[in-house]
Amino acid sequence: MRNYGQFCPVARASEVLGERWTIIIVRNLLVGCHTFNGIAEGAPGLSRALLTKRLQELRRAGVIDVVPKPGGRGSLYELTEAGRALWSVVLALQDWGLKWAELTPEHAHPGVVLWSWVTGYLRTDLLPQRRVLIRFDFPSIEGQARRGWVLVEHGAAEICEKNPGFEEDLVVTVNDPLVFARWHLGEIEWSEALRSGAIVVTGRRQLARALPTWDRRVVPVGPSADERR
């Protein structure tokens, strides 16, 4: 059987990017996750052993560099020029997925949606400068993942697995994770999610009104999820 890989750029690129987790790892690096734990948080279901293997493969392929942390303990993962050039590929896959891939509850884990929102889709120019702590509850999720916190301070935000020790300004209860994901993807409005009871917000009224405006919406391309059905 002939092997055309060496002559075909599509085949050669597929050898590098064809594994299901590779493009997710690249996406996480592109949005600013440069530590092993940070990359892992954006790839639920990927074991640490497999993540280590995939990072090694991407390094050999010239997609990432591994550099020591400034303090000397641990490593940072940085995209090479070739890795940064994959941004257009990530966007193309996102556009295709929004247009054709059906969103199901299995693909709408609220913790992952929250991570995606905070990591890549918050409008930092609209975030308050003073400290704000928001608790997100996911009643349908079992275990530690059923609760998370978003800490906003000095115009930046981060996700915390535990209460960082401050008073909570808002509590967002996500009763329907699929609706939460559809809001993040721009398929429904925040007001619609509130009216349906899929999302319930309690706390400071002014902050509750401001929260959905912080979203840099992922605008769907092509027919909506309802039209696809």
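Quick note: structure is the one above.
A brief report on the enclosed structure follows. Quantities reported herein were computed from a predicted structural model and do not represent experimental measurements.

### Considering the pattern of salt bridges
Consideration 1: Evaluation of the coordinates by the stated rule reveals 10 salt bridges.
Consideration 2: For the salt bridge of Arg-54 with Glu-57, the shortest nitrogen-to-oxygen distance reads 2.8 Å. One end of the pair, Arg-54, and the other, Glu-57, are both in helix H4 (residues 48–60), 3 residues apart, so they sit about a helical turn from each other.
Consideration 3: Residues Arg-123 and Asp-125 are paired through a salt bridge, measuring 2.7 Å at the closest nitrogen-oxygen approach.
Consideration 4: On the basis of relative accessibility, which here comes to 32%, the residue Arg-123 falls in the partly exposed class.
Consideration 5: Taken together, the shared-partner salt bridges in this structure form one network comprising Arg-135, Asp-137, Arg-147 and Glu-168.

### A short note on the packing of aromatic side chains
Consideration 1: Under the definition given, this model contains 6 aromatic pairs.
Consideration 2: Aromatic side chains Phe-138 and Phe-180 sit 6.5 Å apart centroid to centroid with 40° between the ring planes, which places their arrangement in the tilted category. A residue pair is termed long-range when its members are at least 10 positions apart, and Phe-138 in the loop between strand E3 (132–137) and strand E4 (147–153) and Phe-180 in helix H8 (residues 177–184) qualify at 42 residues.
Consideration 3: Its relative accessible area of 1% is what places Phe-180 among the buried residues.
Consideration 4: Taken together, the aromatic side chains of Trp-117, Phe-136, Phe-138, Phe-180, Trp-183 and Trp-190 make up a single cluster linked through ring pairs.

### Some points on the nonpolar core
Consideration 1: Counting residues in each nonpolar core, the largest one holds 34 residues, and the members touching the most others are Trp-117, Phe-136, Phe-180 and Trp-214.
Consideration 2: Sorting the residues of this core by element identifies helix H7 (110–120), E3, E4, strand E6 (170–174), H8, helix H9 (190–196) and helix H10 (205–210) as the ones contributing at least two each.
Consideration 3: Excluding its chain neighbours within four sequence positions, the residues that come into contact with Trp-214 are Trp-117, Tyr-121, Leu-122, Arg-123, Leu-126, Leu-127, Pro-128, Ile-134, Val-152 and Leu-207.

### Notes on the environment of Ile-141
Consideration 1: Relative to the helices and strands, Ile-141 resides in the loop between E3 and E4.
Consideration 2: You can call Ile-141 buried: its relative accessible area is 14%.
Consideration 3: Placed 31 residues apart in sequence, Ile-141 and Pro-110 show a C-alpha to C-alpha distance of 8.5 Å.
Consideration 4: Contact partners of Ile-141, with chain neighbours within four places excluded, come to His-109, Pro-110 and Arg-146.

### Remarks on unusual backbone geometry
Consideration 1: Its identity as a non-glycine residue notwithstanding, His-154 has a phi of 55°, on the positive side.
Consideration 2: Topologically, His-154 is positioned in the loop between E4 and strand E5 (156–160).

### Remarks on the packing of H7 against H8
A packed helix pair is summarised by two numbers, namely the angle formed by the two axes and the spacing between the axes.
Consideration 1: As a packed pair, H7 and H8 sit with axes 9 Å apart at the nearest point and diverge in direction by 20°. Put simply, H7 runs roughly parallel to H8. The two elements H7 and H8 meet at a crossing, and its hand is left-handed. Seen from H7, the contacting residues are Pro-110, Val-113, Leu-114, Ser-116 and Trp-117; seen from H8, they are Pro-177, Phe-180, Ala-181, Trp-183 and His-184.

Each value, and the rule that gives it
- Residues numbered from 1 in each chain as written.
- Predicted model: local features only at pLDDT ≥ 70, side-chain atom pairs only at ≥ 80, totals over all residues.
- Heavy atoms only, no water.
- Salt bridge = Lys/Arg side-chain N within 4 Å of Asp/Glu carboxyl O.
- Helix = DSSP H or I, 4+ residues; strand = E, 2+ residues; numbered from the N terminus.
- Buried < 20%, exposed > 50% of the residue type's maximum accessible area, 1.4 Å probe, protein only.
- Phe/Tyr/Trp six-rings, centres within 6.5 Å; stacked < 30°, edge-to-face > 60°.
- Core = buried A, V, L, I, M, F, W, Y, C linked by side-chain atoms within 4.5 Å.
- Contact = heavy atoms within 4.5 Å.
- Axes fitted to C-alpha atoms, helices over the stretch in contact; angles between N-to-C directions.
- Parallel < 35°, antiparallel > 145°, perpendicular 65-115°, else oblique.
- Left-handed = near helix turned anticlockwise from the far one by under 90°.

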